[in-house]
Amino acid sequence: MSFAERISQMGDRLGTPVLAAAIIAVSMGVAPVAAQPAEGEIVIVQSSEPPNIDPGNFDYSQTGPILRQNVIETLTLLDLSDSSLQPRLATAWEQVDDTTYRYTLREGVTFHDGAPFNADAVVYSVERLFNTDLEQIARNKYWDHMTFTAEAIDEFTVEFSLSQAEPVFDTRLSQVPIVSPNTPFDALTRAPVGTGPYTLAEWQAGVQIVLERNPDYWGDQPEVERATFVFRGEGSVRASMVEVGEADFTFSVPEELATTGMDVAYQNFETIYFILGAWEAPLDDLRVRMAVNLAIDREALLGTILPAETVLGTAIIGPSISGSNPDLVPHPYDPDRVTELLEEARADGVDVDREITVMYINDRFPGSNELVEAMALMLQAAGFNARMELVESGVYREYRDEPRGEDRAVILLSRHDNDKGDAGFSLTRHLCDSNRNPICLPELDEMIQTALATPQGPEREAAWQEVVRFMHEDVQVDAVIGHQVAFARIGPRISYDVSGKNPSTFLIEEVTFN
Amino acid sequence: MGNFVLARMAQSLISLIGLVVLVFFLVRLTGSPADLYLPDDASEAARQEYIRIHGLDRPMIVQFWEFFSGLFRLDLGESLRQARPAAQIVLEAYPTSLKLAGLTMLISVIGAVLLGVWAAVRPTGLLDRVISILSLASASAPNFWVALTLISVFAVWLRVVPTSGIGGWEYWILPITVLTLRPLGLLAQVVREAMIRALTAPYVRTAKSKGVPFRSVLFVHALRNASLPILTMAGNQAVGFINGSVVIESIFGFPGVGKLMIDAIQQRDFAVVQAGVVITAVVIFLMNILIDVAYALLDPRIRHK
């Protein structure tokens with residue numbers, strides 16, 4: 001028998017049976033199964049690893065769930081379900097005058113490195129935040145327009161002096177990380193030290209970040225002893241990890257996979273809307289903007305392009321944010337009225353046939369590209385000369401922000417996060433001196449200024465509600481689609497309530513084992 | 001051999017300098033990192049502050065000189081995002097990628113030689129056809145699709161391997177299986193072709209007529225002569241793996257250099273991109289020398305030239 005014959009005979013004998021036997025052997029549990037979290041430990045899988053975990057950057061969506069309130073605490077805790085503030089490292093606070101606030105600190109608290117928590121530590125944290133040689137997202141995001149200083153009155157009393165009146169100072173201050181005085185002043189740290197219920201145990205770059213329970217925590221000891229954060233870019237892999245028990249929690253699974261009993265839809269405090277380029281004809285005409293709003297069949301988007309749980313909106317702030325107006329209803333789909341409005345405008349010499357470009361950045365959020373496609377088609381169907389264009393973020397910003405690019409009529413797909421409890425964080429972009437304002441209306445400017453200056457309380461809420469109504473009915477530079485939902489997957493070992501929470505926060509202390 | 005290596009080094013140094021200059025300027029053409037790092041609604045002042053903190057407001061030539069002179073001190077700059085030396089970040093990621101690449105190539109070459117030889121023994125036979133179809137399919141199946149499918153079947157449905165992550169040997173099974181498919185398929189084709197050609201050569205006939213056992217003819221005479229095209233293809237594939245496998249590293253959460261580079265490019269983390277390119281270039285250069293040396297060892301005609 002030739003070698004060739006022997007080989008092919010061997011192949012016939014072994015080929016398929018060997019493969020089948022291997023698969024069966026492996027499936028019978030000969031091979032090891034993935035590691036499951038140990039008792040007392042939870043594993044959280046995020047979509048990406050934070051590039052750095054400096055406390056001043058805990059506003060990053062990747063850094064927040066790890067650090068915020070787990071490792072690094074704040075003076076107060078913002079409760080997003082009703083926009084109220086709860087005591088955390090501060091036990092009481094009061095406004096002394098327009099630009100002075102006084103906070104009483106919790107006693108008997110120590111940082112993870114043993115340093116005492118006191119007024120000096122708060123002063124240090126504020127000074128570090130305002131060190132402009134150090135990048136701190138928490139400064140860029142909340143203190144772009146003003147500064148403040150902190151002064152220790154006694155060991156447990158701090159007074160804050162503001163560079164200008166800021167009625168929502170308390171809310172903004174709830175976003176200031178309190179760090180150990182041993183934190184480097186001039187450099188970002190990879191080993192953040194705070195007062196929280198968890199300490200940073202390990203950061204294995206590219207692999208995992210591990211937190212361990214702080215036995216000396218000032219509050220109640222949480223149930224979870226150890227929390228490991230791992231990172232997977234692929235949504236289906238995150239979903240699979242929770243399904244097979246390798247992980248206990250993920251903030252985001254793709255909608256099409258969110259079909260198991262473990263998946264929970266939650267408001268992620270992001271609102272989807274289109275910015276109507278009111279700085280150019282024909283969108284500088286209110287009737288044309290109204291026509292755009294009425295040309296969108298919002299209901300048809302739900303359960304098709306956007307998840308059915310999406311809440312149609314009337315403003316870029318969500319329903320739980322102070323200032324949202326419950327009396328308003330989303331713009332209906334009314335093609336006949338669109339035709340009327342466009343004819344009216346045309347009769348007045350408005351160039352309603354000018355090309356309008358719906359601009360977007362690729363894959364801004366799940367379904368965003370399809371949403372733009374639908375928008376362009378709906379506008380075309382309603383009689384607009386609309387087209388869509390995919391642009392890079394730099395080009396997008398050239399149109400969105402002043403000074404604006406070449407004169408084209410554009411509609412920009414946008415998404416706004418409004419997780420800070422007050423409409424002021426969102427609507428200041430419509431002030432005349434904002435470089436993001438599509439249109440400067442003195443009347444609107446005055447209304448926003450008034451609302452901004454009104455102290456927190458029902459009066460401020462009413463002032464914002466009026467701004468929201470005016471924008472929805474008489475300005476219409478935002479074609480609001482809806483308040484987004486995302487899907488979390490929670491494994492059977494734990495319980496955690498995701499509702500009313502911002503996905504950049506994951507309170508491990510609220511996790512309980514089943 | 002020493003002179004040969006030295007000459008190759010001199011050549012490579014020139015290309016390396018060209019590459020470094022090119023990368024420095026190209027990566028800066030992608031735009032400002034401030035646009036990506038800062039919140040979407042950050043003010044112009046915040047943008048300027050960020051640019052100043054990171055020295056991006058200095059004249060381009062000053063920035064270039066700093067980078068270029070740093071190269072001679074083996075200082076590849078600091079990551080914008082991670083606030084630590086870029087070279088350290090890249091070197092940390094390298095072992096994982098090299099291990100993936102090494103294991104993948106080892107398995108691919110061994111598997112491809114066995115399959116290719118097997119198929120070449122009786123060209124157009126049933127076995128040959130089956131192997132050809134399988135190797136074509138595995139060479140053309142998209143990595144990400146195969147990866148997700150294998151995860152669904154073996155990690156979720158059968159639960160015999162972990163879905164992803166890094167740890168013991170079991171974590172390497174799926175990534176290496178996926179990575180092996182393409183080079184295995186391509187190489188098996190090349191081995192088959194080369195072996196068919198070698199087996200019809202006069203020296204094989206001579207060897208057979210002298211009564212040399214078929215096994216020796218196959219694995220000593222023919223395979224040695226068929227090894228040059230195999231080495232060329234294997235070398236090509238290996239060089240392709242040196243800068244990591246973006247898809248596999250991303251899906252399986254492997255902390256390799258491919259994923260690192262993609263993230264760095266997307267985040268405009270200039271120093272990390274530069275460090276990654278420089279270090280990868282050096283590794284590829286070393287690989288090419290190894291391949292050349294292997295050529296010389298395998299083929300006396302090259303050695304004695």
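Cut-offs applied
Residues numbered from 1 in each chain as written. Chains lettered and ligands numbered in written order. Predicted model: local features only at pLDDT ≥ 70, side-chain atom pairs only at ≥ 80, totals over all residues. Heavy atoms only, no water. Helix = DSSP H or I, 4+ residues; strand = E, 2+ residues; numbered from the N terminus. Buried < 20%, exposed > 50% of the residue type's maximum accessible area, 1.4 Å probe, protein only. Contact = heavy atoms within 4.5 Å. Areas by Shrake-Rupley, 256 points an atom, 1.4 Å probe, with all protein chains shown as cover. Lys, Arg positive; Asp, Glu negative; His and termini not counted. Charge placed at Lys NZ, Arg CZ, Asp CG, Glu CD. Domains from an automatic or database assignment. Buried area = accessible area lost by both parts, 1.4 Å probe. Salt bridge = Lys/Arg side-chain N within 4 Å of Asp/Glu carboxyl O. Patch = residues over 30% accessible without salt bridge, like charges linked within 9 Å, V, L, I, M, F, W, Y side chains within 5 Å. Disulfide = S-S within 2.5 Å. pLDDT = per-residue confidence, 0-100. Core = buried A, V, L, I, M, F, W, Y, C linked by side-chain atoms within 4.5 Å. Pairing = 2+ DSSP bridges. Axes fitted to C-alpha atoms, helices over the stretch in contact; angles between N-to-C directions. Phe/Tyr/Trp six-rings, centres within 6.5 Å; stacked < 30°, edge-to-face > 60°. Lys NZ or Arg CZ within 6 Å of the ring centre and 35° of its normal. Polar contact = N/O pair within 3.5 Å; in protein donor to acceptor, adjacent residues only side chain to side chain. Nonpolar A, V, L, I, M, F, W, Y, C, P; charged D, E, K, R; others polar.

Colleague: Is there a simple way to explain the overall build of chain A in this structure?
Modeller: In terms of regular secondary structure, chain A is built from 14 helices and 19 strands. Principal axes of the C-alpha set define a box for chain A whose edges measure 95 × 75 × 40 Å. Within the span of chain A, comprising 514 residues, buried residues form 57% of the whole. Pairs at least 24 residues apart make up 70% of the contacts formed inside chain A by residues separated by at least 6 positions. With an accessible surface of roughly 20,000 Å², chain A has 50% of that area assigned to carbon and sulfur atoms. Taking the 36 positively charged and 83 negatively charged side chains of chain A as two groups, their mean positions are separated by 5 Å.

Colleague: I'm lost on the domain arrangement of chain B in this one. Help?
Modeller: The extent of an interface is frequently quoted as the accessible surface area lost upon association of the parts. All names here are of chain B. Examined at the domain level, chain B breaks down into domain 1 (2–72) and domain 2 (87–303). A C-alpha centroid distance of 33 Å is found between domain 1 and domain 2. The partner domain 2 presents 14 residues to the 21 residues of domain 1 that form the contact. For the pairing of domain 1 and domain 2, the buried interface totals around 1,600 Å² over both sides, and the portion due to carbon and sulfur atoms is 76%. Of all residues in domain 1, Arg8, Val27 and Leu36 bury the most surface against domain 2, accounting for 27% of the area lost on that side. The interface formed by domain 1 and domain 2 holds zero salt bridges in total.

Colleague: I tried to follow a negative patch on the surface on my own but got confused; where do I start?
Modeller: A cluster of acidic residues, Glu107, Asp120, Asp154 and Glu155 of chain A, forms a negative patch at the surface. Examined against the element boundaries, Asp120 of chain A turns out to sit in helix H3 (residues 119–129).

Colleague: Any chance you could explain the state of the cysteines here in plain terms?
Modeller: Here, the word disulfide means a covalent bond between the sulfur atoms of two cysteines. Residue and element names in this part refer to chain A. This structure, assessed with the given rule, holds one disulfide over all chains. Through a disulfide, Cys432 is tied to Cys440; the S-S separation comes to 2.0 Å. Where Cys432 bonds to Cys440 through sulfur, the torsion about that S-S bond is close to 90°, and the disulfide is right-handed. Taking the relative accessible area as the measure of exposure, Cys432 reaches 27% and is therefore partly exposed.

Colleague: Mind showing me how you'd approach the confidence of the model for chain A here?
Modeller: Per-residue confidence for chain A gives a mean pLDDT of 89; residues scoring 70 or more make up 93%. The low-confidence segment residues 1–32 of chain A (pLDDT under 50) makes 24 contacts with residues lying over four places distant or belonging to another chain.

Colleague: For this particular structure, what's the right way to read the nonpolar core?
Modeller: The nonpolar side chains of a soluble globular protein tend to be buried with one another. Core analysis: the biggest nonpolar cluster contains 91 residues, and Val90, Val117, Ile151, Met195 and Phe252 of chain B have the highest contact counts within it. When residues of this core are assigned to their parent elements, the largest contribution, 15 residues, is made by helix H8 (residues 170–199) of chain B. A domain split of this core shows at least three residues from each of domain 1 (2–72) and domain 2 (87–303) of chain B. Among residues more than four places away in sequence, those in contact with Ile151 of chain B are Val237 and Ser240 of chain A together with Val156, Thr163, Leu174, Ile251 and Phe252 of chain B.

Colleague: I keep staring at the sheet that holds strand E7 (residues 157–162) of chain A and nothing clicks. Help me out?
Modeller: Think of a sheet as strands paired side by side through backbone hydrogen bonds, with each pair either parallel or antiparallel. All names here are of chain A. On the basis of which strands lie adjacent, the open sheet formed by four strands has the order E4-E5-E7-E6 and antiparallel pairing. The open sheet has two edge strands with one neighbour each: strand E4 (90–97) and strand E6 (148–154). Adjacent strand axes in the sheet meet at a mean angle of 20° when their direction is disregarded. Packed on one face of the sheet, H3 meets strand E5 (100–105), E6 and E7 and runs near 170° to E6.

Colleague: Even after reading the chapter, I still don't get the packing of aromatic side chains, so can you show me in this structure?
Modeller: Geometrically, a pair of aromatic rings is defined through the distance of the ring centres and the angle of the planes. Residues and elements named next belong to chain A. Throughout the structure, instances matching the rule amount to 29 aromatic pairs over all chains. Aromatic pair Phe111 and Phe117: ring centres 6.1 Å apart, planes at 70°, arrangement edge-to-face. By relative accessible area, which is 2% here, Phe111 ends up buried. The rings of Trp93, Tyr101, Tyr103, Phe130, Trp143, Phe148, Phe160 and Phe169 are connected pair by pair, giving a single aromatic cluster. Here the guanidinium or amino end of Arg190 rests over the ring plane of Trp203, the centre of that ring lying 4.0 Å away.

Colleague: Any chance you could explain the interface of chain A and chain B here in plain terms?
Modeller: On the chain B side, the residues contacting the 49 residues of chain A number 52 residues. Counting the surface lost from both chain A and chain B, the interface buries some 4,200 Å², and carbon and sulfur atoms represent 54% of this. In this structure, the connection of chain A to chain B is made through three salt bridges. The tally of links from chain A across to chain B stands at eight residue pairs in polar contact (both at pLDDT 80 or more). Only helix H1 (3–30), helix H4 (137–142), helix H6 (235–244) and helix H11 (393–400) of chain A provide two or more residues apiece to the side of chain A that touches chain B. The leading source of residues in the side of chain A that touches chain B is H1 of chain A, at eight residues. Residues that form the side of chain A that touches chain B fall into these classes: 20 nonpolar, twelve polar and 17 charged.

Colleague: Looking at this structure, how should I read the domain arrangement of chain A?
Modeller: Residue and element names in this part refer to chain A. What the domain assignment lists for chain A is domain 1 (3–22 + 269–484) and domain 2 (73–183). Of note, the centres of domain 1 and domain 2, computed from C-alpha atoms alone, are 35 Å apart. Contact residues are listed per partner, giving 16 residues for domain 1 and twelve residues for domain 2. Summed over both partners, the interface of domain 1 with domain 2 comes to about 1,100 Å²; 59% of that surface belongs to carbon and sulfur atoms. Per-residue buried area on domain 1 facing domain 2 is highest for Lys420, Phe425 and Gln456; these three make up 49% of the total on that side. Inspection of the region where domain 1 meets domain 2 yields one salt bridge. Residue Asp417 pairs with Lys141 through a salt bridge whose shortest N-O separation is 3.5 Å. Residue composition of the side of domain 1 that touches domain 2, grouped by class: six nonpolar, five polar and five charged.

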